[in-house]
Amino acid sequence: MPSVQVSMPTARDFALAPGAEPAYAFGVAFLAHSFVTRIGDRAFHAPLSFDLEPGTSVVVRGPSGVGKSTLLRALAALIPPGGGTLALDGAAPETDTLAWRSNVLYTAQSPRLLEDTVGEVLRRPFEFRVRRGQTFPVDDAKRWLDALQLPGFDRPTDHMSGGERQRVHLVRALCLRPQVLLLDEPVSALDPDRREAARALLDEAADAGVVTIEVTHEVGDRAALEVDWIHAEEVAHG
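Values in this document were obtained by computation on a predicted structure and should not be read as measured data.

Draft legend 1. Fine view of the overall build of the protein chain. Assigned secondary structure in the protein chain consists of 7 helices and 10 strands. A burial count over the protein chain gives 49% of its 238 residues as buried. Sequence separation of 24 or more characterises 76% of the internal contacts of the protein chain that already satisfy a separation of 6 or more. For the protein chain, the accessible surface area stands at approximately 11500 Å², while carbon and sulfur atoms represent 49% of it.

Draft legend 2. Up close: the packing of aromatic side chains. The tally for this structure, following the rule as stated, stands at 4 aromatic pairs. Residues phenylalanine 30 and phenylalanine 50 carry aromatic rings whose centres are separated by 5.6 Å and whose planes lie at 55° to one another, so their mutual orientation is tilted. Taken together, the residues phenylalanine 30 in strand E1 (residues 30-36) and phenylalanine 50 in strand E4 (residues 48-52) connect sequence positions 20 residues apart. A relative accessible area of 0% places phenylalanine 30 in the buried class. Counting every residue linked through ring pairs, the aromatic cluster contains Phe30, Phe50 and Trp100.

Draft legend 3. Representation of the sheet that holds E1 within the structure. Taken in spatial order, the 3 strands of this open sheet run E4-E1-E6, and their pairing is antiparallel. Each of the sheet's edge strands pairs with one partner strand only, and the pair in question is E4 and strand E6 (83-88). Strand after strand, the sheet turns through a mean of 5° between neighbouring axes, direction not considered. Relative to E6, E1 is paired through 5 bridges, and the arrangement is antiparallel.

Draft legend 4. Just the packing of helix H4 (residues 138-147) against helix H6 (residues 192-207), in detail. Relative to each other, H4 and H6 sit at 145°, their axes nearing to 9 Å. Across from Arg143, Trp144 and Ala147 in H4, the residues of H6 making contact are Ala197, Leu201 and Glu204. Of the residues that constitute the contact of H4 with H6, the class distribution is 4 nonpolar, no polar and 2 charged.

Draft legend 5. Geometry of the sheet that holds strand E9 (residues 211-215). Taking strand neighbours across the sheet as the criterion, the 5 strands line up as E7-E8-E9-E5-E10 in an open arrangement whose pairing is parallel. Each of the sheet's edge strands pairs with one partner strand only, and the pair in question is strand E7 (104-107) and strand E10 (223-225). Taken pair by pair, the neighbouring strands of this sheet meet at an average axis angle of 25°, ignoring direction. Inspection of the sheet shows strand E5 (residues 57-60) paired to E10 by 3 bridges, in the parallel sense. The partner of valine 60 across the bridge, within E10, is leucine 225.

Draft legend 6. Layout of the packing of helix H5 (residues 162-175) against H6. Orientation of H5 relative to H6, taken along the N-to-C sense of each, is 10°, at an axis distance of 12 Å. Relative to H6, H5 is oriented roughly parallel. For the pair H5 and H6, the contacting residues are Arg167, Leu170 and Leu174 in the first and Arg194, Ala198, Leu201, Leu202 and Ala205 in the second. Its residues assigned to classes, the contact of H5 with H6 comprises 6 nonpolar, no polar and 2 charged.

Draft legend 7. Examining unusual backbone geometry more closely. Of note in this structure, serine 34 is not a glycine but carries a positive phi near 50°. Mapped onto the elements of the fold, serine 34 is located in strand E1. For serine 34, a relative accessible area of 0% translates into the label buried. Here the phi dihedral of glutamate 185 falls at roughly 50°; this positive angle occurs in a residue that is not glycine. Secondary-structure assignment places glutamate 185 in the loop between strand E8 (180-184) and H6. Judged by relative accessible area, glutamate 185 falls into the buried class, the value being 10%.

Reading guide: rules and limits
Residues numbered from 1 in each chain as written. Predicted model: local features only at pLDDT ≥ 70, side-chain atom pairs only at ≥ 80, totals over all residues. Heavy atoms only, no water. Helix = DSSP H or I, 4+ residues; strand = E, 2+ residues; numbered from the N terminus. Buried < 20%, exposed > 50% of the residue type's maximum accessible area, 1.4 Å probe, protein only. Contact = heavy atoms within 4.5 Å. Areas by Shrake-Rupley, 256 points an atom, 1.4 Å probe, with all protein chains shown as cover. Phe/Tyr/Trp six-rings, centres within 6.5 Å; stacked < 30°, edge-to-face > 60°. Pairing = 2+ DSSP bridges. Axes fitted to C-alpha atoms, helices over the stretch in contact; angles between N-to-C directions. Nonpolar A, V, L, I, M, F, W, Y, C, P; charged D, E, K, R; others polar. Parallel < 35°, antiparallel > 145°, perpendicular 65-115°, else oblique.

What follows is the structure, given as structure tokens:
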């Protein structure tokens, strides 16, 4: 199986470029240098470095409970890093955290849908200041819902199954057109037919230049981002 080049430098930290300005043009490189995920005193993996070109799709492997979801959340700047640096087209998360989170988008394994209907779920992010000037892609949203065998915008969300919530959440992520998608088991609750349809949409996003990093047990022929998990052995035997 192919793997993405990963280096583990001696230095735990890497100086950020001073005065970096955000340049979130579509289809840009996503990189990490000596990046560490840490909560309190616990580091989850050895320093991690990668340089992912537009359209790259990689998977993250590791035992359950080792910190894969936490790594994705750190890459999305939803939790502070434990060391090292990240950059999207040369701009660090600290340059503009809101812009980073809108362009490096994390999707949870078991998403909660707080809005009443599918249409409200898909449209709500476009009301936020960070999305000002961005238009909700109505036609694309309808096409993606149809591809995933979901009903229209008026469908209530209160009694949706886990698989339906996953599919709606994936369509919302695609509507937001991020440059990096961080996917936490995005098809784990789907049956084979819908799983194949979701994979086709993710391939379409990659063809358009989106970088995808996915936690999944379905590796297939995609490259693996090899992470040196510090607590893998104790999780496996715990």
